[in-house]
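Observations on the model geometry
Spelled out, the chains give:
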Amino acid sequence: MATLSVCQQPIGGFSFEYCKRNAVLEFECNKLGHSIPAARKTGTTICGVVFKDGIVLGADTRATEGMIVADKNCSKIHYISPNIYCCGAGTAADTEMTTQIISSNLELHSLSTGRLPRVATANRMLKQMLFRYQGHIGAALVLGGVDCNGPHLYSIYPHGSTDKLPYVTMGSGSLAAMAVFEDRYEQNMEEEDAKRLVRDAIAAGIFNDLGSGSNIDLCVITKGKVDYLRPHDMANKKGVRTGDYKYKRGTTGVLAKAVTKLDLEVVEETVQTMDTS
Amino acid sequence: MAACMSANRSENAFSANDLVPEWAQEEVSTGTTIMAVEFDGGVVIGADSRTTTGAYIANRVTDKLTPIHDHIFCCRPGSAADTQAVADAVTYQLGFHSIELDEPPLVQTAANLFKQMCYRYREELMAGIIVAGWDKRKGGQVYTVPMGGMIVRQPVSVGGSGSSYIYGFMDSNYKPGMTKEECLHFCTQALTLAMERDGSSGGVARLAAITEDGVERRVVLGNQLPKFSNV
């Protein structure tokens, strides 16, 4: 099974070079009483739907680090090729790097064949890479695009299994989003209906799941055109403060004023230059 | 079907995170009920359509009957990732072999390819396969390759987590020399009984009849399944 790749040589078997090192580092850290830094995860609600002329992909924009929101407006819809985009849930670094590697390999493949890449090709490349790493790459993806055979939508799990379906959701908020889809999905929807459905599904994830939040990003892919709507809906605008706790000068009346000068002499003077290059 | 735990997985990148529910970290498994029956002139295979990650149904309309050649299909219970990867690899090898021979491959060849892969990687894989098809030499054949990599030819075979519930039904109701329609009916009933009782099986019943003329696929929707009890 030959693959054309630049960033990664497919070596036979599994590569777990860093696992032993990480285990040793973790042990050493714990001995000193610290914990290793937590991986930033995109808690996430991502989803995709096939409509009459193409695909609508949707995602929220919150990235979490443990219980803290690390990024209030991160981009989870990644570019794979001009006609294929991919939403990523799971460990942020894993989804980012995986999609970039496959995007690069797919471009080489596309130049080699002289054709626009197919969604099934991207799916194969992603699933084979994730299976090779046996689930240690924490990337759960929703892959969608339009190619010569029409619109296609795949969900790809971290262990390397894929499902080809008309509507998919992934991430911690996927149950909330799937509830909206199961209720209102129809075949051959119009573009506006599909966008509204995806927007509502992501909103359900945002408002009912702690790991998802902030805004809604959409990506509409049709034959020959891609609409990357970021943000499509700012569902969680930061509120404007209505009052001020500062008191105006003169609120408290001044009865008397006494000024005492302090006698100070310079004992030591040091100059520290700042590197402003 | 419980998610697979092996020594390699103890250093999982996901440490326990309150915000990501437990089922999102489980491996995707086709819980499953699958079966295959030989008849004179071909085989009938059937499967349910449920794929689970822990307690969540990831795909309720899965197609677990995978074509690996024109007249050879396989049924895939176990880990979804493992079985998809093995099936893809065998499809490639079988296609190559068939082009080299310049004639359709034998079902026994396909079954042996599965066996070689399942036996060699028995510690890493969680995949038990039923290979069924038709070829010119021996007609309709069903081969079972359970986890561990054994291979045995049987006239009728069931597999997956739901199979435990229908061994009795299979033993008492299978008669050699059934026609294609009788086999389809037998499969539908068996799948229904298993889907009723096994939590990891459900959805729709997918059937396929493979003969010399080709493959005829059928889907029996949830509300069209035969009813056995009034409870």
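Residues numbered from 1 in each chain as written. Chains lettered and ligands numbered in written order. Predicted model: local features only at pLDDT ≥ 70, side-chain atom pairs only at ≥ 80, totals over all residues. Heavy atoms only, no water.

What follows deals with the overall build of chain A. When helices and strands are tallied, chain A shows five helices and 13 strands. Relative to the globule expectation of 19 Å for 277 residues, the C-alpha radius of gyration of chain A, 26 Å, shows a markedly less compact shape. Expressed as lengths along the three principal axes of its C-alpha atoms, the size of chain A is roughly 85 × 50 × 40 Å. Taken across its 277 residues, chain A has 45% of its residues classed as buried. Restricting to contacts in chain A with at least 6 residues of sequence separation, those with at least 24 account for 62%. Of the roughly 16,500 Å² of accessible surface on chain A, a fraction of 53% belongs to carbon and sulfur atoms. Where the 30 positive side-chain charges of chain A centre and where its 30 negative ones centre are 2 Å apart. (Helix = DSSP H or I, 4+ residues; strand = E, 2+ residues; numbered from the N terminus. Rg over C-alpha atoms; globule rule 2.2 N^0.38 Å. Buried < 20%, exposed > 50% of the residue type's maximum accessible area, 1.4 Å probe, protein only. Contact = heavy atoms within 4.5 Å. Areas by Shrake-Rupley, 256 points an atom, 1.4 Å probe, with all protein chains shown as cover. Lys, Arg positive; Asp, Glu negative; His and termini not counted. Charge placed at Lys NZ, Arg CZ, Asp CG, Glu CD.)

This brings us to helix 1 (residues 80–101) of chain B. Along an α-helix, residues three or four positions apart point the same way, because every turn accommodates 3.6 residues. Residue and element names in this part refer to chain B. For helix 1, which comprises 22 residues, the first-to-last C-alpha distance of 31 Å matches the rise-based estimate of 32 Å (1.5 Å per residue) to within 8%. Looking only at helix 1, the buried set comprises Ala-80, Ala-81, Asp-82, Thr-83, Gln-84, Val-86, Ala-87, Ala-89, Val-90, Leu-94 and Ser-98. The positive-phi residue at the C-terminal boundary of helix 1 is Asp-102, with phi of around 60°. (Expected span 1.5 Å × (residues − 1).)

All names here are of chain A. On the secondary structure map, Ile-137 appears in the loop between helix 3 (119–132) and strand 8 (139–147). A relative accessible area of 12% means that Ile-137 is categorised as buried. The sequence separation of Ile-137 and Gly-90 amounts to 47 residues, and the corresponding C-alpha distance is 9.0 Å. Not counting the four nearest positions on each side in its chain, Ile-137 is found in contact with Asp-94, Thr-98, Met-129, Leu-130 and Pro-158.

Looking now at the pairing of strand 13 (residues 205–211) of chain B. All names here are of chain B. Burial analysis of strand 13 places seven of its seven residues in the buried class, which makes it a mostly covered element. Neither face of strand 13 is open: one carries Ala-205, Leu-207, Ala-209 and Thr-211, the other Arg-206, Ala-208 and Ile-210, and all of them are buried. Judged from the seven bridges that link them, strand 13 and strand 14 (residues 214–220) form a sheet pairing that is antiparallel. The partner of Thr-211 across the bridge, within strand 14, is Gly-214. Where strand 13 hands over to strand 14, the hairpin turn is made up of two residues, counted between the paired strands. (Pairing = 2+ DSSP bridges.)

What UniProt calls "active site" (unreviewed entry) maps, in this numbering, to Thr-44 of chain A. What Thr-44 of chain A contacts, discounting residues up to four positions off in sequence, is Asp-60, Lys-76, Gly-88, Ala-89, Met-170, Gly-171, Ser-172, Gly-173, Asp-209, Gly-211 and Ser-212 of chain A. (UniProt positions renumbered as here; feature names shortened; annotations may be inferred.)

Residue and element names in this part refer to chain B. For strand 3 (residues 42–47), the tally of buried residues reaches six of six residues, placing the bulk of the element in the interior. Along strand 3, one buried face is formed by Gly-42, Val-44 and Gly-46 and the opposite face, lined by Val-43, Ile-45 and Ala-47, is buried too. Here six bridges tie strand 2 (residues 34–39) to strand 3, and the two strands are oriented antiparallel to one another. Directly across from Phe-39, in strand 3, lies its bridge partner Gly-42. Linking strand 2 to strand 3, which pair antiparallel, is a turn of two residues; within it Gly-41 sits at a positive phi near 110°. Relative to strand 13, strand 3 runs antiparallel, the two sharing six bridges. Across the sheet, residue Ala-47 finds its bridge partner in strand 13, namely Arg-206.

Attention now moves to empty space enclosed by the protein. Applying the stated criterion across every chain yields a total of three cavities of 30 Å³ or more. Its volume calculated, the second largest cavity comes out at about 50 Å³. Every residue lining the second largest cavity is listed: Ser-155, Tyr-157, Leu-165, Val-168, Thr-169 and Met-178 of chain A together with Tyr-56 and Ala-58 of chain B. At the level of elements, strand 11 (167–170) of chain A together with strand 5 (56–59) of chain B are the ones that each hand at least two residues to the lining of the second largest cavity. Taken together, the residues that form the lining of the second largest cavity break down as six nonpolar, two polar and no charged. (1 Å grid on protein atoms, 1.4 Å probe; cavity = no way out; pocket = protein on both sides within 12 Å on 5 of 7 lines; lining within 4 Å. Points joined across faces, edges and corners; volume = space filled by probe spheres on them. Nonpolar A, V, L, I, M, F, W, Y, C, P; charged D, E, K, R; others polar.)

All names here are of chain B. Taken in spatial order, the five strands make up an open sheet running 12-2-3-13-14, and their pairing is antiparallel. Looking at the sheet topology across the chains shown, the edges are occupied by strand 12 (156–159) and strand 14. Pairs of neighbouring strands in the sheet enclose a mean axial angle of 15°, with direction left out of account. Sheet strands in contact with helix 4 (residues 180–197) are strand 2, strand 3, strand 12, strand 13 and strand 14, and its direction is about 160° off that of strand 2. (Axes fitted to C-alpha atoms, helices over the stretch in contact; angles between N-to-C directions.)

Scanning the model with the defined rule gives 19 salt bridges over all chains in all. Here Asp-200 of chain A makes a salt bridge to Arg-184 of chain A, at a shortest N to O gap of 2.6 Å. A residue pair is termed long-range when its members are at least 10 positions apart, and Asp-200 of chain A in helix 5 (residues 191–208) and Arg-184 of chain A in helix 4 (residues 174–184) qualify at 16 residues. Residue Glu-216 of chain B is joined to Arg-218 of chain B by a salt bridge in which the shortest nitrogen-to-oxygen separation is 3.1 Å. Accessibility expressed as a relative area gives 31% for Glu-216 of chain B, which makes it partly exposed. For Arg-218 of chain B, a relative accessible area of 31% gives the class partly exposed. Members of the salt-bridge network, linked through shared partners, are Arg-184, Arg-199, Asp-200 and Asp-233 of chain A. (Salt bridge = Lys/Arg side-chain N within 4 Å of Asp/Glu carboxyl O.)

Ranked by size, the top nonpolar core spans 24 residues in total, and within it Met-35, Val-37, Val-44, Val-156 and Phe-186 of chain B carry the most contacts. Contributing elements (two or more residues each) for this core: strand 2, strand 12, helix 3 (167–173), helix 4 and strand 13 of chain B. Excluding residues that lie within four positions of it along the chain, Met-35 of chain B makes contacts with Val-44, Ile-45, Gly-46, Val-156, Ser-157, Val-158, Phe-186, Cys-187 and Ala-190 of chain B. Core analysis: the next-biggest nonpolar cluster, separate from the first, contains 23 residues, Ala-203, Ile-216, Leu-218 and Val-220 of chain A among them. (Core = buried A, V, L, I, M, F, W, Y, C linked by side-chain atoms within 4.5 Å.)

This next bit is on the confidence of the model for chain B. Residue and element names in this part refer to chain B. Mean pLDDT over chain B stands at 87; residues scoring 70 or higher make up 88%. Mean pLDDT across the elements of chain B ranges from a minimum in strand 1 (residues 28–30), with 70, to a maximum in strand 3, with 96. In the predicted structure, residues 1–17 sits below a pLDDT of 50 and forms 33 contacts with residues beyond four places in sequence or in another chain. Both scores are given for the predicted complex: the pTM is 0.79, the ipTM 0.81. (pLDDT = per-residue confidence, 0-100.)

Residues and elements named next belong to chain B. When the UniProt feature table is mapped to this numbering, "active site" (unreviewed entry) covers Thr-32. In this structure, Thr-32 sits in the loop between strand 1 and strand 2. Residue Thr-32 is classed as buried on the basis of its relative accessible area, which comes to 0%. Discounting chain neighbours no more than four positions away, the residues touching Thr-32 are Asp-48, Lys-64, Arg-76, Pro-77, Gly-159, Gly-160, Ser-161, Gly-162, Asp-198, Ser-200 and Ser-201. Polar contacts involving the side chain of Thr-32 include one to the side chain of Lys-64, which spans 2.9 Å. (Polar contact = N/O pair within 3.5 Å; in protein donor to acceptor, adjacent residues only side chain to side chain.)

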